[in-house]
Amino acid sequence: MYFLSSRGNAEKSNESSIPVQNDLVLKKEKVPYKYDIPDAIKRSKYRAEVELACELAIMCGKNMLTHYETVGTDQKSSLSVVITKGSAIDFATDIDTQNEKMVIDSITRIFPNHEIIGEESCANGIIPKLTDKPTWIVDPVDGTTNFANGLPMTCVSIGFCVGGKPIMGVVYAPMTDELFIGLEGIGSYRNNVRLVNSKQKTTLKESIVCFEFGYARSPESTETMVRAVKNLLLHGVKSCKCIGSGVLDLCYVARGSIEVVYSGVADEGWKPWDFCAGLVILKEAGCTAKPVHLGDEACTGDEFNIYASNGVFGVNEGVVNECRQV
């Protein structure tokens, strides 16, 4: 397994290692089984990229725990809001920026010819387009509002694209200690156990449907989003939920904990870092991704693209098509 030294170079270890936060130092200790890389991925050509993504995601997650454990106690947290992106409800904390810097610095040292797209680096609203170059897409803290308020549904997301499409995704949820890994053509795993889709015949009425209201607050957008939920409830779905982390929404569809997720019916559409890693995990688990509306300029027909303004994701194609019609 590769690990990061204090000099920031890639070194090969004959031992397993578990990441701990200490100025980019990963001490060589025995890795818990759940953090190990599945054997099928170890044999792949992208083993080094997956190992690095896992190590960095876990390091970022441990960094998030330093704040999370102080919420609701008399311990003082040093967490501060450092970026407000257009409105007070869309913000980044210093942990967001610290995590992203750590990930970018580490990838740059080990893979200097790779491109990197990070959420906080795109705070000005300009998102670079994917090229054929190997490109990492990073969300250093997904579910920042949950994280800042001490809610556990938050995670680190690191995706990797080759030839202009996502082929690898790593997501770590530190509060629930879940490590999701997906690699194109290999499969998806949660805590080193292969994910298997057992819901190929599930219908919309049997489904938990998840959505995120995001940052849309205009009267028109609010009405559109609420109407969508109303239509689903009138259709008779099992439940509607907001988790507060789009990346985890996708991972939980991959696991079968949620049957359907949608985004982008109004102005609450997601960004490439919300989709990239989770999309690989979801698709490699045998699930389906499609745009909500045909005609999205980022998509080709029914094929979903991480630059799309909307999407529906489900445990099977039938339930996705049902949701689109409702």
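Please read these numbers as outputs of a predicted model, since none were measured by experiment.

Trainee: Which residues make up the overall build of the protein, and what values go with them?
Mentor: Looking only at helices and strands, the protein features eight helices and 16 strands. Looking at the protein as a whole, 53% of its 326 residues are labelled buried.

Trainee: Go over the pattern of salt bridges with me, naming the residues and quoting the values.
Mentor: Summed over all chains, the structure comprises twelve salt bridges. When the shortest N-O distance is used, the salt bridge between Glu51 and Arg47 registers 2.9 Å. Placement of both Glu51 and Arg47 in helix α2 (residues 47-68) is noted, with a separation of four residues, approximately one turn of the helix. On the accessibility criterion, Glu51 (1% relative accessible area) is buried. Lys290 is the partner of Glu317 in a salt bridge, and the nearest nitrogen-oxygen pair spans 2.9 Å. Separated by 27 residues along the polypeptide, Glu317 in helix α8 (residues 317-325) and Lys290 in strand β15 (residues 288-290) bring together distant segments of the chain. Connected through salt bridges with shared partners, the residues Asp36, Asp39 and Lys42 form a single ionic network.

Trainee: How would you summarise the pairing of strand β6 (residues 135-142) if you had to cite specific residues and measurements?
Mentor: In terms of residue burial, β6 counts as a mostly covered element, since eight of its eight residues are buried. One ladder, built from four bridges, connects strand β5 (residues 115-118) with β6; its direction is parallel. Paired with Ile117 across the bridge in β6 is Ile137.

Trainee: Break down the pairing of strand β9 (residues 178-183) for me, citing the residues and quoting the values.
Mentor: Counting buried positions along β9 yields six of six residues, so the element is predominantly enclosed. Covered by surrounding structure in β9 are Glu178, Phe180 and Gly182 together with Leu179, Ile181 and Leu183, the residues of both alternating faces. As judged from the six bridges shared by strand β8 (residues 165-173) and β9, these two strands associate in the antiparallel manner. When the sheet's bridge partners are listed, Ala173 is paired in β9 with Glu178. Counted between consecutive antiparallel strands, the loop separating β8 from β9 contains four residues, among which Asp177 sits at a positive phi close to 55 degrees. Bridge count for β9 against strand β10 (residues 187-190) is four bridges, and the pairing is antiparallel.

Trainee: Could you give me a rundown of the sheet that holds strand β16 (residues 311-314), with the residues and numbers involved?
Mentor: Taken together, the five strands give an open sheet; going across it, the order is β13-β12-β14-β16-β15, and neighbouring strands pair in mixed fashion. Looking at strand neighbours, the two that pair on one side only are β13 (239-241) and β15, the edges of this open sheet. When strand polarity is set aside, the average angle formed by the axes of neighbouring strands in this sheet is 15 degrees.

Trainee: With reference to specific residues and values, describe unusual backbone geometry.
Mentor: Positive phi, normally seen in glycine, also occurs at Asp177, with a value near 55 degrees. Judged by its relative accessible area of 22%, Asp177 falls in the partly exposed class. Notably, Asn191 is not glycine yet its phi reads approximately 50 degrees, a positive angle. For Asn191, the position within the fold is in the loop between β10 and β11 (193-194).

Trainee: Requested: an account of the sheet that holds β11, with residues and values cited.
Mentor: Strand order in the open sheet formed by seven strands is β5-β6-β7-β8-β9-β10-β11, with mixed pairing between adjacent strands. At either margin of the open sheet sits one strand with a lone partner, and together these are β5 and β11. In the packing of α2 onto the sheet, contacts are made with β6, β7 (155-162), β8 and β9, and the angle to β8 comes to roughly 35 degrees. Sitting on the sheet, helix α3 (residues 94-110) is in contact with β5, β6 and β7, with an inclination near 155 degrees to β6.

Trainee: Outline the nonpolar core, listing residues and values.
Mentor: Taken as a class, soluble globular proteins show a tendency for nonpolar side chains to be buried jointly. Within the largest apolar cluster, 52 residues are counted, with the highest numbers of intra-cluster contacts made by Val171, Leu204, Ile258, Tyr262, Leu282 and Phe313. If sequence neighbours within four positions are ignored, Phe313 has contacts with Leu250, Val253, Glu259, Val260, Val261, Phe275, Leu279, Leu282, Thr288, Ala289, Phe304 and Val320. Judged by nonpolar contacts, the second largest core, of 35 residues, contains Tyr35, Ile37, Met64 and Val156.

Trainee: Please set out the packing of aromatic side chains residue by residue, giving values where relevant.
Mentor: Each aromatic ring pair is characterised by the separation of its centres together with the angle its planes make. Throughout the structure, instances matching the rule amount to twelve aromatic pairs. A centroid spacing of 6.1 Å and a plane angle of 75 degrees characterise the contact between Phe180 and Tyr252, whose relative ring orientation is edge-to-face. With a gap of 72 residues between them, Phe180 in strand β9 and Tyr252 in helix α6 (residues 246-255) connect regions that are remote in the sequence. Side by side, Phe180 and Tyr252 carry an identical accessibility label, which is buried. Ring centres 5.0 Å apart and planes at 80 degrees place the aromatic pair Phe304 and Phe313 in the edge-to-face group. The exposure class of Phe304 is buried, given its relative accessible area of 10%. An aromatic cluster is defined as three or more aromatic residues linked by ring pairs; in this entry it consists of Tyr46, Phe111, Trp136 and Phe160.

Rules behind the numbers
- Residues numbered from 1 in each chain as written.
- Predicted model: local features only at pLDDT ≥ 70, side-chain atom pairs only at ≥ 80, totals over all residues.
- Heavy atoms only, no water.
- Helix = DSSP H or I, 4+ residues; strand = E, 2+ residues; numbered from the N terminus.
- Buried < 20%, exposed > 50% of the residue type's maximum accessible area, 1.4 Å probe, protein only.
- Salt bridge = Lys/Arg side-chain N within 4 Å of Asp/Glu carboxyl O.
- Pairing = 2+ DSSP bridges.
- Axes fitted to C-alpha atoms, helices over the stretch in contact; angles between N-to-C directions.
- Contact = heavy atoms within 4.5 Å.
- Core = buried A, V, L, I, M, F, W, Y, C linked by side-chain atoms within 4.5 Å.
- Phe/Tyr/Trp six-rings, centres within 6.5 Å; stacked < 30°, edge-to-face > 60°.

In short, geometric facts, not functional conclusions.
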